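# Coordinates in review
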Amino acid sequence: MDLQLTGRAALVTGASSGIGAGVARVLAGEGVRLALTARDVDGLRDLADELRAAGHPEPVVLEGDLTDHEQIIRVAAQAHAALGSIHILANCAGGSRPTDFQSDETVWEEAFALNFASARRLTQLLLPGMLAHRWGRVINISGSMEPRRLNAASAAKGALHLWSKGLSCDVASEGITVNCIAPGRIRSAQTLARLHATEAERQEFIARNIPAGDFGDPEDIGRVAAFLASPLAHYVTGAVIPVDGGMHYFAH
Ligand SMILES: NC(=O)c1ccc[n+]([C@@H]2O[C@H](COP(=O)([O-])OP(=O)(O)OC[C@H]3O[C@@H](n4cnc5c(N)ncnc54)[C@H](OP(=O)(O)O)[C@@H]3O)[C@@H](O)[C@H]2O)c1
């Protein structure tokens, strides 16, 4: 299936590792011109080198801390200056923030800044360009809606879901779709190091929770993101799509 993405321009956040890098790899394979952002410039440069060596268009590397509003404004402006209008925004930056009910305000502020406000702010900055062309795609990487303990990131991802759904209604008639992908357990630095330190723990979790029998790969998210980014997905909007090997069936 030709996803008709050749020559489109995308900004991918959280592209220095894990899911963001997987989304970038799949989009690059479809001929999308990329701006990659995160704080770890070396990680971004390694990915850019890999994509160039594979014969894909040279990505633009943009360092930025997306919890800082000024840096968000700069990243959006640099992406626009380098690629022209941004057609596709993949908001992949984020991270789990387990906490307790007494935690300091700063924990909640940082979790919401990273997991919700960064996506909302970048979208606000790039939407005018999408509206001018009457075409755009916003893809937000969210998370589970069935937390098993207090996690400030889960609350922020919940906000991301409802903001996406509301916005999708407002811009649907303008050729712009807004969707979320809710990953289950995807192999990334975050899941392997923080959640499942040993192989035995990982296998035990899989046996209890994942009908598909394994963690997913970042590219499993990337392929769904590429479909949502394509013109073929014009009738899919306001959706929250689980990509989790069936794990959500066991969430209750
Ligand atoms: N992997 C899973 O199983 C899973 C499950 C549910 C949801 N998710 C969600 O999927 C997304 C990607 O996670 P991942 O598992 O791929 O983790 P990851 O490998 O740790 O990637 C997180 C990305 O976010 C970037 N990031 C973190 N803090 C940032 C900041 N302040 N400013 C800019 N960028 C920042 C990181 O880059 P730098 O550190 O270089 O800045 C990195 O590129 C997250 O939103 C996460 O919540 C993942």
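So, here's what we can say about the structure.

Calculation rules
Residues numbered from 1 in each chain as written. Predicted model: local features only at pLDDT ≥ 70, side-chain atom pairs only at ≥ 80, totals over all residues. Heavy atoms only, no water. Helix = DSSP H or I, 4+ residues; strand = E, 2+ residues; numbered from the N terminus. Rg over C-alpha atoms; globule rule 2.2 N^0.38 Å. Buried < 20%, exposed > 50% of the residue type's maximum accessible area, 1.4 Å probe, protein only. Contact = heavy atoms within 4.5 Å. Salt bridge = Lys/Arg side-chain N within 4 Å of Asp/Glu carboxyl O. Axes fitted to C-alpha atoms, helices over the stretch in contact; angles between N-to-C directions. Parallel < 35°, antiparallel > 145°, perpendicular 65-115°, else oblique. Left-handed = near helix turned anticlockwise from the far one by under 90°. Near = heavy atom within 4 Å. Polar contact = N/O pair within 3.5 Å; in protein donor to acceptor, adjacent residues only side chain to side chain. Areas by Shrake-Rupley, 256 points an atom, 1.4 Å probe, with all protein chains shown as cover. Expected span 1.5 Å × (residues − 1). Arc of directions from axis to C-beta. Pairing = 2+ DSSP bridges.

Now for the overall build of the chain. Counting its regular elements, the chain contains eight helices and seven strands. For a compact globule of 252 residues, the expected C-alpha radius of gyration is about 18 Å, and the chain comes in at 17 Å, within 12% of that figure. In terms of overall dimensions, the chain has a C-alpha envelope of 45 × 40 × 35 Å along the principal axes. Every one of the 252 residues in the chain was classed for burial, and the buried ones make up 50%. For the chain, long-range pairs separated by at least 24 residues make up 74% of all intrachain contacts whose partners lie at least 6 apart in sequence.

Per the stated rule, a full pass over the model turns up 12 salt bridges. The salt bridge involving Arg97 is made with Glu110; its shortest N-O contact spans 2.7 Å. Of this pair, Arg97 sits in the loop between β4 (88-91) and α4 (105-133) while Glu110 sits in helix α4, and the two are 13 residues apart along the sequence. Residue Glu110 is classed as partly exposed on the basis of its relative accessible area, which comes to 28%.

A few words now on the packing of α4 against helix α5 (residues 152-171). Relative to each other, α4 and α5 sit at 20°, their axes nearing to 7 Å. Comparing the axis directions of α4 and α5 gives the class roughly parallel. Here the hand of the crossing between α4 and α5 comes out right-handed. In this structure, α4 uses Trp108, Ala111, Phe112, Asn115, Phe116, Ala119, Arg120, Thr123 and Leu127 to contact α5, whose residues at the interface are Ala152, Ala153, Ala155, Ala156, Lys157, Ala159, Leu160, Trp163, Leu167 and Val171.

The next subject is the site of the ligand. Near the ligand there are 29 residues, and of these Ile19, Arg39, Lys157, Ser188 and Gln190 occur at the shortest range. Within the side chain of Ser17, one N or O atom sits 2.8 Å away from an oxygen atom of the ligand. Take Ser188: an N or O atom from its side chain is 2.7 Å from an oxygen atom of the ligand. Protein chains shield 89% of the accessible area of the ligand, which is 870 Å² for the free molecule.

The end-to-end C-alpha distance of helix α8 (residues 218-229) is 16 Å, a good match for the 16 Å that 12 residues give at a rise of 1.5 Å each. For α8, the complete set of buried residues consists of Pro218, Ile221, Gly222, Ala225, Ala226, Leu228 and Ala229. Seen along its axis, α8 keeps its buried residues to an arc of 160°; they face one direction. Buried residues along α8 sit in contact with α1 (18-29), β4, β5 (136-141), β6 (176-183) and β7 (240-243).

With that settled, the discussion passes to unusual backbone geometry. Glycine aside, negative phi is the norm for most residues, and most peptide bonds take the trans geometry. Even without glycine at this site, Gln4 takes up a positive phi of about 55°. Tracing the backbone shows Gln4 in the segment before β1 (9-13). A positive phi angle, close to 50°, is found at Arg134, a residue other than glycine. Tracing the backbone through its elements, the reader meets Arg134 in the loop between α4 and β5. Judged by its relative accessible area of 47%, Arg134 falls in the partly exposed class.

Counting buried residues along β6, eight of its eight residues qualify, which places the element largely inside the surrounding structure. Burial of the side chains of β6 extends over both faces: Ile176, Val178, Cys180 and Ala182 are buried on one face and Thr177, Asn179, Ile181 and Pro183 on the other. Across six bridges, β5 lies against β6 in parallel orientation. Looking at β6, one finds that Ile139 is bridged to Asn179.

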